[in-house]
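Here's the letter readout for the chains.
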Number of protein chains: 2
Amino acid sequence: MTNSITIRRPDDMHVHFRDGDVMPAFARETANIFARGLVMPNLTPPVLTGEDALAYKARINAAVDGLGFEPLMTIKITSSTTPEIIKSAKAAGVIAGKLYPEGVTTNSEDGVTEFRSLLPVFEAMADVGMVLCVHAESPGVFVMEREVDYLPNIRWLALKLRNLRIVIEHATTEAALIVARNFSNVACSITVHHLLLTLDDVVGGMLQPHYFCKPIAKTPFDRSCLLQAALSGEKRFFLGTDSAPHHVSKKECASGCAGVYTAPVALQTLAEIFERAGKLDRLEAFTSEHGADFYQIPRNIGQVVLTKSDWKVPAQYGGVVPFRAGQTVSWAVEAVIG
Amino acid sequence: MTNSITIRRPDDMHVHFRDGDVMPAFARETANIFARGLVMPNLTPPVLTGEDALAYKARINAAVDGLGFEPLMTIKITSSTTPEIIKSAKAAGVIAGKLYPEGVTTNSEDGVTEFRSLLPVFEAMADVGMVLCVHAESPGVFVMEREVDYLPNIRWLALKLRNLRIVIEHATTEAALIVARNFSNVACSITVHHLLLTLDDVVGGMLQPHYFCKPIAKTPFDRSCLLQAALSGEKRFFLGTDSAPHHVSKKECASGCAGVYTAPVALQTLAEIFERAGKLDRLEAFTSEHGADFYQIPRNIGQVVLTKSDWKVPAQYGGVVPFRAGQTVSWAVEAVIG
C-alpha cells in the first residue's frame, strides 16, 4: 500500500482568482499547491488585451509573492478581438485566449455569438502559437445538451486550422472527449468535481447549490467516461479545476451563481480518485505533464509530496464554501518543494 | 377577446397543507379558490389510518371554516399498510392512498421498496373503490429517468387489477402520459409548474431553488407533451398542483427542499396558459371535471369567476416564496360563488 507519493508540482490549467480585495487569498490557496495556474479573464471589466493581462498578472504576482507560483495569463476573446490584439497579447506573454459563447456562464454577457466569424482571430492565434480555450456550450439549448450541441464548432475549427491548439474546457460529456481523441490539435481540460458529481448530486436529492456549476454535471455514464479519460494516461486530457469561488451569499440564495471552489482540495481529491482506481502512477501525467506539454511550456521542476493522511476540509475559506466542506479527505499535501 | 370566464369551482387533486401552526394559512389559501383538495398524507408523523385522516381533516376543517372547502383525505401506503387498514380508512371517508417509493421525496423515508409485494393492499383498494395515488419515481436511478423507470410498475398493476384506479401523480414525462392514454384505469395529475418549467429553469441559468421540485422538471419536449395533454380535453388528465410550501430558509440554503408553492397562483396561471393556447373553453374540464369524474365524486356546484386583470404575486406568503413571486399575472379570481 502506497502511503506517500512525490510528483512533479502540478499546473491548474483553468482557474478563477477573481480580482480586487478577494483575489489575493484565492490566488494564494492555489499557489500553495500548484506551480502555475491558467488564470481566466472573465473579470469585471474583463481581461481583453495584453496590457490588461500584464496588469492583472502584476496584481496576482504581488499576492503570491514567495510561493513560487507563476500565473499563466489569458485574454478574453470577444467579437471585438482583432488579430492585432492577439499579436500584441502574445508579445506580452499571454499564452491563451478564452472564448465564451454569449450568456453561457458568469460574466459572459459580452461573449461570442458568431463563432465562425472569428476565423481571422483564430488564424492569428495559430500563427503566434496562442492556445484557444473554449467554454463549449450552446446557449439557448437544453442544459444537458449544450456541450454536445457546441462541438461541431470545435470540429470545424480543428479541421480548418490544424496548427491551432484548442482546449475544450471543463469537458463533461463523452462526446467532448471523443473530439479530443480524434483531433491531435484538440485537448480537454477536466475538473475534479466533474469526476465525482452527476446531475443527481445537484438536484437528485436535496438541492445542492455548492455542486451547481457550468457546465452542469451530466449523467453517470458521462462521469464514468471522464474518469476513464483522466485515468487513461492519454496526452490530451489534463487537469483544469475551474475552481470558482463565490461567496456563500451568492450560492445559498434565490438565484445562485454557478461554480465550485475546489482549489484547496483538488490535488488531494485527485490522489484519492487515482488511488481508488489503482492508478496513482498516472496522477502526475494528468496534473503535471499533459497540460504543460499541450501548451508547449516546460514541465515544472518543483515537486509536491502527498501523504495518506486524513484531514477535514474547512467549512469555509473567507466566506466561500469549498468543495467537500466538512468532509474528510484521505490524502494531504505534506510538502511543496520548489 | 374574452375578458371574463365563469367555471365550475375547481378541485386540486394533489396538495400539501402541512400541519401544526403553519397549516391553517396554507389551507385557507387553497380554500379561497378551490372547492376541494386532495390532501397529501406525508406529514411527520404521517397520516397512516382512517383515524389519522379524520383527525387531520378536523384540523383542516377548523382552519377553512366558512370558505366552503372540503378536504379530500388520503392515507400513506407503506409496507405496513394492510387490507384491514384500507377497509377501515375507506369507512372513515378516505378516498385515496398515496404511495411513495422509499427516499424519493420529502418525508418518504418510510416509503415502499417492494411495490409488487403490496398486491393484497392494492386488491383491497380496488375492492372498496379507493384510488391509488403513486409518486412514480424510482429512487437510485438517474434523476431524469426516475419516472420512466418506475412506469413498468404502474403498467403491471393496471393490467393486474383492471378495477383499481391509479393516478400517476405530478406526471412530468411523455412516457407517463402514454400510460394513462393506454389504460382506462390510469390517470395523470399534472401540476401548473410542470406546464411552465423545464430543467433549464432550475439549473440552466442561475440556480433557481424556488423552481426545484420532485419530480424534477424535465425536457422542453416533455413539457410540451404535458401542455398538450392538459389542453387536450382528454378525461384522464387533470389538475393536481402538488403545491408544497417550504419556508424560504429551507429553500435558499446549502441543502434545499423540493417543492413549489403554487396554490395562490395556480388557477390564474392556468387561465393564462389556456388562453395563450386558445383553449380557455377547456380550462374547466382540466380543473373541475376530470379529477372529480376519475375519483367518482360529484362535480362541484359552486363557481369561480376569472377576469382578465393584472395583479402582482406577493413576494412571500408567511415566509414562503410562491411560484411567480413578484411577477404580474394577467388573470385574477374575481369571485368565488358557493
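Anything mentioned here points back to the structure above.
Basis of the calculations
- Residues numbered from 1 in each chain as written.
- Chains lettered and ligands numbered in written order.
- Predicted model: local features only at pLDDT ≥ 70, side-chain atom pairs only at ≥ 80, totals over all residues.
- Heavy atoms only, no water.
- Helix = DSSP H or I, 4+ residues; strand = E, 2+ residues; numbered from the N terminus.
- Buried < 20%, exposed > 50% of the residue type's maximum accessible area, 1.4 Å probe, protein only.
- Contact = heavy atoms within 4.5 Å.
- Salt bridge = Lys/Arg side-chain N within 4 Å of Asp/Glu carboxyl O.

Moving on to unusual backbone geometry. Cis geometry marks the peptide bond from Lys214(A) to Pro215(A); its omega dihedral reads -10°. Within the secondary structure layout, Pro215(A) lies in the loop between α8 (199-204) and α9 (220-231). For the peptide bond that leads from Thr44(B) to Pro45(B), omega is -5°, which places it in the cis range. By the secondary structure assignment, Pro45(B) is in the loop between β3 (36-39) and α2 (50-63). Residues other than glycine seldom take positive phi values, yet Arg18(A) does so here, at roughly 60°. With respect to the element layout, Arg18(A) can be found in the loop between β2 (11-15) and α1 (23-31). You can call Arg18(A) buried: its relative accessible area is 16%. Non-glycine residue Gln296(A) carries a positive phi angle of around 60°. Note that Gln296(A) resides in the loop between α12 (283-295) and β10 (303-312).

For Pro209(B), the position within the fold is in the loop between α8 (199-204) and α9 (220-231). In this structure the C-alpha to C-alpha distance between Pro209(B) and Tyr261(B), which are 52 residues apart in sequence, comes to 12 Å. Look past the residues within four positions of Pro209(B) in its chain and what remains in contact with it is Leu207(A), Cys253(A), Ala254(A), Ser255(A), Lys251(B) and Glu252(B).

This part covers the pattern of salt bridges. Counting across every chain of the model gives 20 salt bridges over all chains. The partner of Glu272(A) in a salt bridge is Arg276(A), and the shortest N-O contact between them spans 3.9 Å. Of this pair, Glu272(A) and Arg276(A) both sit in helix α11 (residues 266-276), four residues apart, which is roughly one turn of that helix. Between Glu272(B) and Arg324(B) there is a salt bridge, and its shortest N-O distance comes to 2.9 Å. Of this pair, Glu272(B) sits in helix α11 (residues 266-276) while Arg324(B) sits in the loop between β10 (303-312) and β11 (328-337), and the two are 52 residues apart along the sequence. What makes Arg324(B) buried here is its relative accessible area of 10%. Among the charged side chains, a salt-bridge network with shared partners connects Glu272(A), Arg276(A) and Arg324(A).

None of the figures reported here should be taken as evidence of function without further support.
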